[in-house]
Amino acid sequence: MIKLSQNTQRIGESATMAISARAKAMKKAGQDVIALAAGEPDFDTPAHIVAAAKQALDQGFTRYTPASGMPELRAAWAEQVGRRRGVAYQPNQLMVTAGGKQSLFNIVYALADPGDEVIVPAPYWVSHPEQVRAIGAVPVILETSSDRDFKISPQQLREAITDRTRLLILNSPSNPTGSVYTQDELKGLADVLVEKQAPVLSDEVYDELVYGGEFTSIASLGKEIYDLTIVSGAVSKTYAMTGWRIGYAAGPVEVIAAAGRLQSHSTSGPNSVAQKAALAAITGDQSMVEVMRQEFDRRRQTMIQRLRAMPDIICPEPHGAFYAFPRVSAYYGRRCGDQVVDGSMAFSSLLLEHEKVATIPGLAFGDDAHVRLSYATGMAQIEEAMDRIERFLNRLV
Ligand code: PLP
């Protein structure tokens, strides 16, 4: 047997991928599965973006680009990310990566050493703590509750910071809860971070998907916190480009340069054709972004309304991203045939088995009382899935 490294042995399998894979296999076998498990828009990439990629191919734009991305893309994205946040980023403050995921990994790698602590609020997106573990650092999980909209308080943050703390990972709008920090709430956290001189990796991949409120980036709250913030994002969710694999990290020059050195020895520059597509996405017509946001909002409202009408289901209002995160724990301890619903894993698994609706158990995000439902799927499917969930709940005795 070949011995695996400690680093990879620490990494857990992605529970979100596991249930999605099972749902896909059932679908392939001809079963009528409704997938509310997806973490990606169901829209096609807008045509002008696809056309730019075709043109790049026709023009033979198929060679290596610089390791931190095409200069034009770095410049255009730095300008756009800065403008959206009311701050300025120079092109050398932004690197282009193979998706938001690589950007996050690069920054964790650039800032934390083995044994260092990285603060991760729960519920967290699955990869946040795993990336920290992958490099031998320690995720320090901060619990939140649905009555506080799944947000950490400045006091909680202050108490969690030690002299081993290298980073806070913040994700607003959040996957899986959909919660969005307000400017005041971020200001409270920023004050603590500035006082303690602790950097923050702000995962803003859902920045364009906010409903009924404003998006605020912690980087925009003054020079001191700007200097401690690395923003991470991608074209993935905003432009329906998950498969193109283009993201960015923006922050202090020395951090981006360090992450760039890592990337130059791992993947090198991202896919050249996809970078051209991303450039077209960022600099071209933005109207599709709003069209998609409005459609997500419509589906969000339908899904919440339906969930809230179900007995014993508590569904906090998600203000961003494209997920609902209802509390289903009132059903724990009940039975479905001869099986006991003893947590979110059993709930999701039995729901998939009996009513063919795929969801993600909250346990994957560090919160066993809830399950995650994605509304990045058509309205008719959402309605049908809600009927099935209602039927499933009725079965539980
Ligand atoms: N951050 C969060 C919170 C996400 O939900 C995702 C994707 O699901 C990502 C980052 C990664 O996005 P990308 O597909 O660009 O790697």
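Here the structure is shown first, and the text comes after it.
This structure is a prediction, so every number in the text was calculated from the model and none was measured. Sequence order sets the numbering: in each chain, residues are counted from 1 along the sequence as written. Local features in this predicted model are restricted to residues of pLDDT 70 or higher, and side-chain atom pairs are both shown and tallied only at a pLDDT of 80 or more, whereas totals for entire chains, interfaces and linings draw on every residue. Hydrogens and water are ignored here; the side-chain numbers use all heavy atoms of the structure.

A. Molecular detail of the packing of helix α12 (residues 287-308) against helix α14 (residues 379-395). All axes here are fitted lines through C-alpha atoms, helices being fitted over the stretch that makes contact, and every angle between N-to-C directions spans 0 to 180 degrees. Runs of E in the DSSP output that reach at least two residues are strands. Runs of H or I that reach at least four are helices, and both are numbered from the N terminus. Closest axis-to-axis distance for the α12/α14 pair is 10 Å, and the angle between their directions is 10°. Considering the angle they form, α12 stands roughly parallel to α14. Between α12 and α14 lies a crossing whose hand is right-handed. Of the residues in α14, those touching α12 at Arg298, Arg299, Thr302, Met303, Arg306 and Leu307 are Met379, Ile382, Glu383, Met386, Asp387 and Glu390. Charged means Asp, Glu, Lys or Arg here, nonpolar means Ala, Val, Leu, Ile, Met, Phe, Trp, Tyr, Cys or Pro, and polar covers whatever is left, Gly included. Classifying every residue of the contact of α12 with α14 gives five nonpolar, one polar and six charged. An angle below 35 degrees is read as roughly parallel, one above 145 as roughly antiparallel, one from 65 to 115 as roughly perpendicular, and any other as oblique. When the near helix sits turned anticlockwise from the far one by under a right angle, the crossing is termed left-handed; a clockwise turn instead gives a right-handed crossing. We call two residues contacting when some pair of their heavy atoms lies within 4.5 Å.

B. A look at the sheet that holds strand β13 (residues 360-361). Read across the open sheet, the three strands follow the order β9-β14-β13; overall the sheet is antiparallel. Every other strand in the sheet has two partners, leaving β9 (323-324) and β13 as the edge strands with one partner each. Note: β9 against strand β14 (residues 371-374), two bridges, orientation antiparallel. Paired with Tyr323 across the strands is Ser374, a residue of β14. When DSSP locates at least two bridges between a pair of strands, those strands are taken to pair.

C. Structural context of the site of the ligand. The full set close to the ligand counts 14 residues, and Gly100, Asp203, Ser236, Lys237 and Arg245 are the nearest of them. Lys101 is positioned with one of its backbone polar atoms (N or O) 2.9 Å from an oxygen atom of the ligand. Under this definition, polar contacts are N or O atom pairs within 3.5 Å; protein pairs additionally need one hydrogen-donor-capable and one acceptor-capable atom, and for neighbouring residues in sequence, both atoms have to be side-chain atoms. Here Ser236 contributes a side-chain N or O atom positioned 2.6 Å from an oxygen atom of the ligand. The protein chains hide 92% of the 390 Å² of surface that the ligand would expose on its own. Looking at the shell around the ligand, the element that brings in the most residues is helix α5 (residues 99-111), giving four residues. Looking at the shell around the ligand residue by residue, the class counts come to five nonpolar, five polar and four charged. The cutoff for a nearby residue is simple: one of its non-hydrogen atoms must lie within 4 Å of the molecule or strand. For the area figures, the Shrake-Rupley method with a 1.4 Å probe applies, and any residue is considered shielded solely by the protein chains shown.

D. Broad picture of the pattern of salt bridges. Salt bridges are defined as contacts in which a side-chain nitrogen from Lys or Arg sits within 4 Å of a carboxyl oxygen from Asp or Glu. Counting across every chain of the model gives 26 salt bridges. One salt bridge connects Asp32 with Arg388, and the closest N-O pair in it is separated by 2.5 Å. Of the two residues, Asp32 is situated in the loop between α2 (15-28) and β1 (34-35) and Arg388 in helix α14; the sequence distance between them amounts to 356 residues. Buried residues are those whose accessible area, probed at 1.4 Å on protein chains only, stays under 20% of the maximum for their type, while exposed residues exceed 50% and partly exposed ones sit between those limits. In this structure Asp32 comes out as exposed when scored by relative accessible area, which is 52%. Residue class for Arg388 comes out buried when judged on its relative accessible area of 5%. A salt bridge links Glu384 to Arg388; its shortest N-O distance comes to 2.8 Å. On the criterion of helical spacing, the pair formed by Glu384 and Arg388 is a turn pair, its members being four residues apart in helix α14. Here Glu384 falls in the partly exposed class, since its relative accessible area comes to 32%. One network of salt bridges, with partners in common, ties together Asp42, Glu295, Arg298 and Arg299.

Interpretation in functional terms is not warranted from these geometric data alone.
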